[in-house]
Amino acid sequence: MPRGGLRRRLSAPEFGSFDALAVDEPYPGVRRAALDTELATVTRYEFEPGAEFPRHRHPQEQITLLQAGEAEFNVGDETRLLRPGAWSVVPPDVEHGMRAGPSGARFLAIIVPRRQRDAYEVTEPS
C-alpha cells in the first residue's frame, strides 16, 4: 500500500492532510489513505454502501473511530452497529472486520505500534 507518512523521529510538529496522501482500494468499494509516524499508523477508510473489509488480525492494537455513516463491526464473537462518534478498541491478534451500512461509512483506524506495510492476516475471504 502506498504510504504518505512520516518515517523519522520528529524534532518539530508536522501538519498535513489526508487529501494529499496516496489512496488505494484493497477491497471493492473500500478506499484508504494512511499516515505512518514513528509510533503509530493512522488510516482513513471510506466505504461505499455495503462494502466490506474481511475479518483479519494483526499484532497491533487498533482504535477505530467512526466519523460518518454506519457500519457493522465484528470483533471476536461480538457484532456491534457503529454510528458517528462511536469508537472501539481491538486488542492485538483479535479477529475483526467491518461492513458499511446503506449510506456507506468513513472512519479512522489508529494502529499502535506502527504497522509494517500490510502486515495483517485475512482470516475470512472477502
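Definitions and limits used
For every chain, the first residue of its written sequence is number 1, and the numbers climb from 1 along that sequence. Reporting of local features is limited, given that this is a predicted model, to residues whose pLDDT is at least 70; pairs of side-chain atoms are given and counted only at 80 or more, and all residues count toward the totals for whole chains, interfaces and linings. To obtain the side-chain values, all non-hydrogen atoms of the structure were included, while hydrogens and water were left out. Runs of H or I in DSSP of at least four residues are treated as helices and runs of E of at least two as strands, each being numbered from the N terminus. Throughout, nonpolar core names a set of buried Ala, Val, Leu, Ile, Met, Phe, Trp, Tyr and Cys residues whose side chains join them through atoms within 4.5 Å. Exposure classes here rest on a 1.4 Å probe applied to the protein chains alone. A residue is buried below 20% of its type maximum, exposed above 50%, and partly exposed in between. Should any heavy atoms of two residues lie within 4.5 Å, those residues are counted as being in contact. In short, DSSP must find at least two bridges between two strands for them to pair.

K.L.:
Explain unusual backbone geometry to me, using residue names and the numbers behind them.
P.N.:
Omega for the peptide link from V112 to P113 comes to -5°, which places this bond in the cis form. By the secondary structure assignment, P113 is in the loop between β8 (96–112) and β9 (121–122). Located in the positive-phi region is D93, a residue other than glycine, with phi close to 65°.

K.L.:
Go over the nonpolar core, please, and point to the residues and values.
P.N.:
The biggest cluster of nonpolar side chains holds 17 residues, and the ones touching the most others in it are V30, Y45, F47, F53, M98 and F107. Those elements giving two or more residues to this core turn out to be β3 (41–47), β5 (61–75) and β8. Here the element with the most residues in this core is β8; it accounts for five residues. Those residues in contact with F107 that sit more than four places away from it in its chain are T43, R44, Y45, F47, T64, L65, L66, Q67 and M98.

K.L.:
I'd love a proper account of the pairing of β3, names of residues and values included.
P.N.:
The element β3 is extensively covered by neighbouring structure, given that six of its seven residues are classed as buried. Relative to β3, strand β2 (residues 30–36) runs antiparallel, the two sharing seven bridges. When the sheet's bridge partners are listed, V30 is paired in β3 with F47. Adjacent in sequence and paired antiparallel, β2 and β3 are bridged by four residues. As paired strands, β3 and β8 are joined by seven bridges and run antiparallel to one another. Directly across from Y45, in β8, lies its bridge partner F107.

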